[in-house]
Amino acid sequence: MKQLFDKVSEECSKLTTRKYSTSFSLGIYFLGKELRSPIYAVYGFVRLADEIVDSFHNFDKNYLLDKFEHDTFEAIEQGISLNPILNSFQCVVNKYNIDHQLIRQFLKSMRMDLVECEFTPDLYDEYILGSAEVVGLMCLKIFTNGNENDYKKLKPYAMKLGSAFQKINFLRDIKSDFQSLSRSYFPNVNLAVFCDSQKQLIEDEIEEEFAEALVGIKMLPSSARNGVYLSYIYYKKLFCKIKGLSAERIMTERIRISNHLKVALMFDSIIKHKLNVI
């Protein structure tokens, strides 16, 4: 029965999320039960695309990404895929009426990672739109469950949160992106001579986006609010840790939050949610 295969597909997306990201897995766990599988499906889809462009160095990445894009839209059109991750994702896209343009924009940004390029401010904004903001909008479609008014109201806040998360990822991964993948996302910044003043400008942008995003988090449906807030708190803590270090330091090591601290943040987030003080 197709229902059994769909369940297996959901479990594959869940396993993928848990293997690749403990922080997002924690956030998803604190979503309403009905939201978890759909969000796992979105993360699983995004993770596969990321792996193509970031990890499969001994393979033809352009071919793999082209095939992945073709298979994605074929799955959405046919309502099935023998790739469990894509089958799980197509179920969510079709159920929640996720705009196909969001998917195309995401894959366009992934394709930008296949070539070395100097990011102008416009290209930087376009990359963040596709790699992060539209992923937030896919999730928002699920959180609002077909309520178009709520979706439109919360859309700008979801985009700000996605953007802030991505810029923190850039700072966290700046060493490996630059040294291993020859990537430099920040416009008008020479990472060979990255300095504290340049880092401060990036941090100021993130601070503004975090402040705006929190307004939207408070307006989310209760089923989504706690899980999203936990992810926000985790990234805010990571951001604070990065802010406390020099530009030279983050160019030499990947900054992490320990699993012990993640658990502590989880309980703090739950308490604040219960007391309605977020």
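To be clear, the structure that these remarks concern was listed above.
Residues numbered from 1 in each chain as written. Predicted model: local features only at pLDDT ≥ 70, side-chain atom pairs only at ≥ 80, totals over all residues. Heavy atoms only, no water.

Caption draft 1: Quick peek at the overall build of the chain. Along its length, the chain carries 13 helices and zero strands. The secondary structure elements of the chain, listed N-terminal to C-terminal, are α-α-α-α-α-α-α-α-α-α-α-α-α. Compactness check: the chain gives a C-alpha radius of gyration of 18 Å against a globular reference of 19 Å for 278 residues, within 12% of the reference. For the chain, the spread of C-alpha atoms along the three principal axes comes to 60 × 50 × 35 Å. Here the chain, with 278 residues, has 50% of them falling under the buried criterion. A separation threshold of at least 6 residues defines the contact pool for the chain, and within that pool the share at least 24 residues apart is 70%. When the 36 positive and 36 negative side-chain charges of the chain are each reduced to one mean point, those points stand 9 Å apart. (Helix = DSSP H or I, 4+ residues; strand = E, 2+ residues; numbered from the N terminus. Rg over C-alpha atoms; globule rule 2.2 N^0.38 Å. Buried < 20%, exposed > 50% of the residue type's maximum accessible area, 1.4 Å probe, protein only. Contact = heavy atoms within 4.5 Å. Lys, Arg positive; Asp, Glu negative; His and termini not counted. Charge placed at Lys NZ, Arg CZ, Asp CG, Glu CD.)

Caption draft 2: Expanded view of the nonpolar core. In terms of nonpolar packing, the biggest core is built from 78 residues, with Phe106, Phe194 and Phe210 touching the most fellow members. Examining the composition of this core, we find that eleven residues originate from one element, helix H7 (residues 121-144), more than from any other. Setting aside residues no more than four positions away along its own chain, Phe210 makes contact with Leu161, Ala164, Phe165, Ile168, Tyr232, Tyr235, Lys236 and Phe239. (Core = buried A, V, L, I, M, F, W, Y, C linked by side-chain atoms within 4.5 Å.)

Caption draft 3: Just the packing of aromatic side chains, in detail. Applying the stated criterion across every chain, the model contains 21 aromatic pairs. Arranged with centres 5.2 Å apart and planes meeting at 85 degrees, the rings of Tyr29 and Phe30 form a pair that is edge-to-face. Members of the aromatic cluster, joined through ring pairs, are Phe24, Tyr43, Phe165, Phe210, Tyr229, Tyr232, Tyr234, Tyr235 and Phe239. One Lys or Arg, Arg36, reaches over the ring of Tyr29 and ends 5.2 Å from the middle of that ring. Taking the ring centre of Tyr151 as reference, the NZ or CZ of Lys141 above it sits at 4.7 Å. (Phe/Tyr/Trp six-rings, centres within 6.5 Å; stacked < 30°, edge-to-face > 60°. Lys NZ or Arg CZ within 6 Å of the ring centre and 35° of its normal.)

Caption draft 4: Region of interest: the environment of Gln90. With respect to the helices and strands, Gln90 occurs in helix H5 (residues 84-96). When the C-alpha positions of Gln90 and Pro38 are compared, they lie 10 Å apart, and in sequence the two are 52 residues distant. Setting aside anything within four residues of it in sequence, one finds Gln90 in contact with Lys2, Ala75, Ile76, Gly79 and Ile80. There is a polar contact of 3.2 Å between the side chain of Gln90 and the side chain of Asn87. (Polar contact = N/O pair within 3.5 Å; in protein donor to acceptor, adjacent residues only side chain to side chain.)

Caption draft 5: The side chain of Glu203, seen in detail. In this fold, Glu203 is placed in helix H10 (residues 196-219). For Glu203, a relative accessible area of 2% puts it in the buried group. Not counting the four nearest positions on each side in its chain, Glu203 is found in contact with Leu171, Phe239, Ile242 and Lys243.

Caption draft 6: Spatial organisation of unusual backbone geometry. Although it is not a glycine, Asn145 sits at a positive phi angle of roughly 50 degrees. Secondary-structure assignment places Asn145 in the loop between H7 and helix H8 (148-172). You can call Asn145 exposed: its relative accessible area is 57%. Here Ser182, not a glycine, exhibits a phi torsion of approximately 55 degrees, which is positive.

Caption draft 7: Structural context of the side chain of Thr16. On the secondary structure map, Thr16 appears in helix H1 (residues 2-20). For Thr16, a relative accessible area of 16% corresponds to the buried category. In contact with Thr16, other than residues within four places in its own chain, are Tyr43, Gly44, Arg47 and Ile85.

Caption draft 8: The packing of H10 against helix H11 (residues 222-243), seen in detail. Two numbers describe how H10 lies on H11: the axes approach to 11 Å, and their chain directions differ by 165 degrees. On the basis of their axis angle, the class for H10 and H11 is roughly antiparallel. Between H10 and H11 lies a crossing of left-handed hand. Residues Lys199, Glu203, Ile206, Glu207, Phe210, Leu214, Ile217 and Lys218 of H10 form the contact with H11, whose participating residues are Arg225, Val228, Tyr229, Tyr232, Tyr235, Lys236, Phe239, Ile242 and Lys243. Partitioned by chemical class, the residues of the contact of H10 with H11 number ten nonpolar, no polar and seven charged. (Axes fitted to C-alpha atoms, helices over the stretch in contact; angles between N-to-C directions. Parallel < 35°, antiparallel > 145°, perpendicular 65-115°, else oblique. Left-handed = near helix turned anticlockwise from the far one by under 90°. Nonpolar A, V, L, I, M, F, W, Y, C, P; charged D, E, K, R; others polar.)

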